[in-house]
Amino acid sequence: MIQASKVQDRPSEVREHAPAMVVSLAFGLGILCDRWADWTWTTLIGISVLLTVGILLLIRLLPSRDDSSRLLMLAGLLLCGCCGALRHHACWSVRSPTDISTFASEAPAVTRVVGRVVGPPTRIETPDDSMTPEWMRVDRTIGLLECETIDSVGREIPVTGTIRFDVTGHLMGVAVGDRVAIYGSLRRPAAPRNPQVNNYRDWLRIQGIDVLLSVDHPDHLLLLPSEQGLFDRLQQVRSRLRDGAVGLLQEQLSDRSFPVAVSLLMGDRSYLSEETRTAFIESGTMHLLAISGLHIGILAALLHLICRLCQLSPRAAALTTLLGIICYAMFTDHRPPVMRATVLAGVVLLGTYSQKRTNGYQLLGLSALILMIYRPVDLFDVGAQLSFLAILGIVWSNRLLKTRELQRSLQPPPPQSPHWLRYVGEIIFQTLISAYVMSAAIWLFTLPLTAHQFQIVSPIGFAVNALLIPFVALILAAGYLTLLCGLLFPFLTGLFAPLFDSLLSGLLMGVEGSAALEYGHFAVNGPTLWWLVGYYVLLISAIGLVRLPVSPTWCWKGIVVWIGVGLTVPLLTPKPDGLTLQFLAVGHGGCLIVRTPNGQVLMYDCGAITGGDRVAKVARGALRELGVSRVDGLVISHADIDHYSGVSKLSEAVPIRAVCFSQQFLDFKQRAVKELCESLAEARIPLRIVQEGDRLRIDPEVLVEVLHPSARFEDSQDNAHSIVLRLTFAGRSILLTGDLEGAGLPALWDQQDCRADVVTAPHHGSIKANPVELGRRINPKYVIVCASPGESSDRLAQQYPETSTILSTGDVGAITVHISPAGELEVTTFLPRKNLIGAVEVE
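Because the structure is a prediction, the values reported are computed rather than measured.

## Some remarks on the overall build of the protein
And then number 1: Tallying secondary structure elements over the protein gives 25 helices and 25 strands in all.
And then number 2: Within the protein, the fraction of its 843 residues that count as buried is 46%.
And then number 3: Summing over all exposed atoms, the protein offers an accessible surface of approximately 42,300 Å²; the carbon and sulfur share of this is 61%.

Here it is, written out as structure tokens:
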């Protein structure tokens, strides 16, 4: 009896086997290997055949030895990995010879494509943003087209594949299943042009899209006669149901609650304002807006309750609930997050009503395996990764809580029953403890990846999520009942819609209040990839999914040590060797990062004509690549939006110690200038006015001079007032000119010695702003043009001396200029085209 009690006193050491989880891990590793190694069909099939033959030989020759079972298991897992690699290769690397991607390149080409609409056209409304030029504030409509033919050299060629079309304006009268002809510009998504940015091309490829089609006007899309099949009719019914649900929510809810309701119930975030998105991100509650296991779980519980009230048998209730979840997934356009949650819920339902005891790890592993077989590319989707890790954390926390409950149940009962108030208090306390244990587990599993991917940490999320989850469950229940009654029994809509609206208003108040807390969130550089790999290997070993030669206790200790390593390594980063300037590729705009020998960071402009959000993200990625998390000074050259549209967004994510501009910049008749100054003042960022003759004290070894404009200079054009900076280090000089042109050019060269080794071509390489006289006076070795892809820089060859090398960010991506302490000048480009060292071009 004593020995038996000792075994029961340590239930935490009992490990349940989860072979499906191990198999899914092996399958996933095979997918990773194929993505990184880019193997060929021959290699993959050869490895698979060899492993299969090896397994058969092991079974035949070593059937009874213990070592043979381990070898057999290892060989089987390797074969699972090969299957994963083969499946991923088929989805990612293999394209039909008739695929439309073979007719597209990064250079847009006008063509005519005929096909069938397979994705519901979605309207993207342009927000009233002062940082976006008025002529660009045009709504768009996007959709998916399954291609049939393409016009090539005057003849129709049959093609296959799916493309995304983007129409400028509102596209009316087109639905899923319609056959259309579209006239537009066909192109492949561009490759990344800057360090540490999300690969938009790969993101689209994960969605099964290799080609984009830009359409200038809705009239360039023509409806064609066609016969619609059963699948097309079902798609149209679903589309009408979605439109009816959106109309119902818009009619019954307030303008403030409606966008959140559509996101919560239908997974469509297109109606959310940027302010609302930011509030959910900063409060650490953005996951609530994505249809996930929580949403499907609440729906399943509601459907199961209705089935029980109808006195259905357990098996009939399970099947009805499963059917309802599948219908809901189809109703929400069966997007990847919805499909993940639906598969997991289906596996759980089938496991719950089976005769065998369910294992959380086993069910999760089986769900992951099904999803990877269906869409192996989802393994690289950060949403899928976070979803899987969060559920894994929940399963582990439930096992942990059950273990504690088991230990508590082995203790003798108290001598007398507590008072009922104390009993209720203990229940509430234990519920809160369980909720916070679950939240802590989710943080343990997802925080490193979140910090790596989004460079933000929200401690307030840990505090509020445990409290919000029961509240969100109530919101979802009210929302589902509102939709159900509104679509099936309209006369009952008024019973639940007011409650749903009030609950949504309360949720928004809580989220916005949490986001407004001063220390509720902060930006971080995030851990590196090598650190992430080590962390998650130790974590899955500590919870028992993978068994290492050491015990789980030592794995937990290893995690603590590994966290210390991750925090220490950035502090050991050596000081920069020399002066580095990085001209980022932001299209028609400007964004330059200067890192001085003492580690200080100076930025010159941060904006683009296409909007500020993207530029701010590009700048954050470049700062992260340099290993810095703040900006010591930011200079705005002049009052054109394409040079400062990203400053406000950057200041929200990265500390900026001061912003400098000229007196002429303060034109408060421009709405964007006024709002920028107000936002910087609200963020308590010092504002400084600079003029000719000033020097910026950023590094004793680097001389930063303001050459233009002077206090006496006046002109009617903003460009003529552009701040011109000259940086001098180790005998080398770099001239930054902004959009200087017109009267500003002679005002500069008449007053200053303009000679420099590197110069930015004024006004994005415009011929008018780059006269021959300017090139003769500067006589640069390198001319950097900040321009959009496709804007030719060859025209400047006649404006500058023959010894000058002209580089454009539109052609070669980000351009890095480095000056060593010895004065050696090195210029490199981001895209793998050419490296330029000194005056010698090296392949």
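## Here we look at empty space enclosed by the protein
And then number 1: Tallied over the full model, the rule gives one cavity of 30 Å³ or more.
And then number 2: In this structure, the largest cavity spans a volume of roughly 140 Å³.
And then number 3: If you trace the largest cavity, you find 16 residues lining it, with Gly-590, Tyr-604, Gly-738, Thr-760 and Cys-786 closest to the centre.
And then number 4: Those elements that provide at least two residues to the lining of the largest cavity are strand S11 (589–595), strand S12 (601–608) and strand S20 (782–785).

## As for the side chain of Ser-804
And then number 1: Here Ser-804 is to be found in the loop between S20 and strand S21 (805–808).
And then number 2: Given a relative accessible area of 12%, Ser-804 falls into the buried group.
And then number 3: Side-chain polar atoms of Ser-804 contact the backbone oxygen of Pro-780, separated by 2.6 Å.

## Looking at helix H12 (residues 360–374)
And then number 1: Taking 1.5 Å per residue as the helical rise, H12 with its 15 residues ought to reach 21 Å, and the 21 Å between its terminal C-alpha atoms agrees with that figure.
And then number 2: Turning to H12, its buried residues are Tyr-361, Leu-363, Leu-364, Gly-365, Ser-367, Ala-368, Leu-369, Leu-371 and Met-372.

## A few points about the sheet that holds strand S16 (residues 703–708)
And then number 1: Read from one edge of the open sheet, six strands run S16-S17-S18-S19-S20-S21, paired in mixed fashion. Two strands bound the open sheet, and with one partner strand each, they are S16 and S21. The average angle at which neighbouring strand axes cross in this sheet is 20 degrees, direction not considered.

## So, the packing of helix H15 (residues 459–488) against helix H16 (residues 493–516)
And then number 1: Where H15 contacts H16, the axes come no closer than 8 Å and their chain directions differ by 160 degrees. Here H15 is positioned roughly antiparallel relative to H16, judged by the angle of their axes. Handedness of the H15/H16 crossing: left-handed.
And then number 2: Across the contact of H15 with H16, the residue classes break down as 17 nonpolar, six polar and no charged.

## Description of the pairing of strand S5 (residues 179–187)
And then number 1: Alignment of strand S1 (residues 109–124) against S5, held across eight bridges, turns out to be antiparallel. Pairing of Gly-115 across the sheet is with Val-180, part of S5.
And then number 2: The sheet contact formed by S5 and strand S7 (residues 221–224) spans four bridges and is antiparallel. Considered in S7, the bridge of Ala-181 is made with Leu-222.

## With respect to the pairing of S11
And then number 1: In terms of burial, S11 is largely enclosed, as seven of its seven residues are buried.
And then number 2: A two-sided burial pattern is seen for S11, the buried positions comprising Gly-589, Cys-591, Ile-593 and Arg-595 on one face and Gly-590, Leu-592 and Val-594 on the other.
And then number 3: Between the antiparallel neighbours strand S10 (residues 579–583) and S11 lie five residues, among them Gly-587 with a positive phi of about 80 degrees.
And then number 4: Strand direction decides the pairing type here: S11 and S12, joined by seven bridges, are antiparallel.

## Comments concerning helix H17 (residues 529–542)
And then number 1: The end-to-end C-alpha separation of H17 is 20 Å, in line with the 20 Å expected for 14 residues at 1.5 Å each.
And then number 2: Looking only at H17, the buried set comprises Trp-531, Leu-532, Gly-534, Tyr-535, Tyr-536, Leu-538, Leu-539, Ser-541 and Ala-542.
And then number 3: With its phi angle positive at about 95 degrees, Gly-544 sits one or two positions after the end of H17.

## Regarding the layout of surface pockets
And then number 1: Its volume calculated, the second largest pocket comes out at about 1,100 Å³.
And then number 2: The set of elements that each furnish at least two residues to the lining of the second largest pocket consists of helix H14 (420–454), strand S9 (522–523), H17, helix H18 (552–568) and helix H19 (612–626).
And then number 3: The element contributing the most residues to the lining of the second largest pocket is H14, with six residues.
And then number 4: Taken together, the residues that form the lining of the second largest pocket break down as 19 nonpolar, nine polar and three charged.

## Some remarks on the confidence of the model for the protein
And then number 1: Across the protein, pLDDT averages 83, with 89% of residues at or above 70.
And then number 2: Predicted confidence is poor over residues 1–15, with pLDDT under 50, and the contacts of this stretch with residues over four places away or in other chains come to 11 contacts.
And then number 3: Confidence over residues 834–843 falls short of pLDDT 50; this stretch has 25 contacts with residues more than four positions distant or in other chains.

What counts and what doesn't
Residues numbered from 1 in each chain as written. Predicted model: local features only at pLDDT ≥ 70, side-chain atom pairs only at ≥ 80, totals over all residues. Heavy atoms only, no water. Helix = DSSP H or I, 4+ residues; strand = E, 2+ residues; numbered from the N terminus. Buried < 20%, exposed > 50% of the residue type's maximum accessible area, 1.4 Å probe, protein only. Areas by Shrake-Rupley, 256 points an atom, 1.4 Å probe, with all protein chains shown as cover. 1 Å grid on protein atoms, 1.4 Å probe; cavity = no way out; pocket = protein on both sides within 12 Å on 5 of 7 lines; lining within 4 Å. Points joined across faces, edges and corners; volume = space filled by probe spheres on them. Polar contact = N/O pair within 3.5 Å; in protein donor to acceptor, adjacent residues only side chain to side chain. Expected span 1.5 Å × (residues − 1). Pairing = 2+ DSSP bridges. Axes fitted to C-alpha atoms, helices over the stretch in contact; angles between N-to-C directions. Parallel < 35°, antiparallel > 145°, perpendicular 65-115°, else oblique. Left-handed = near helix turned anticlockwise from the far one by under 90°. Nonpolar A, V, L, I, M, F, W, Y, C, P; charged D, E, K, R; others polar. pLDDT = per-residue confidence, 0-100. Contact = heavy atoms within 4.5 Å.

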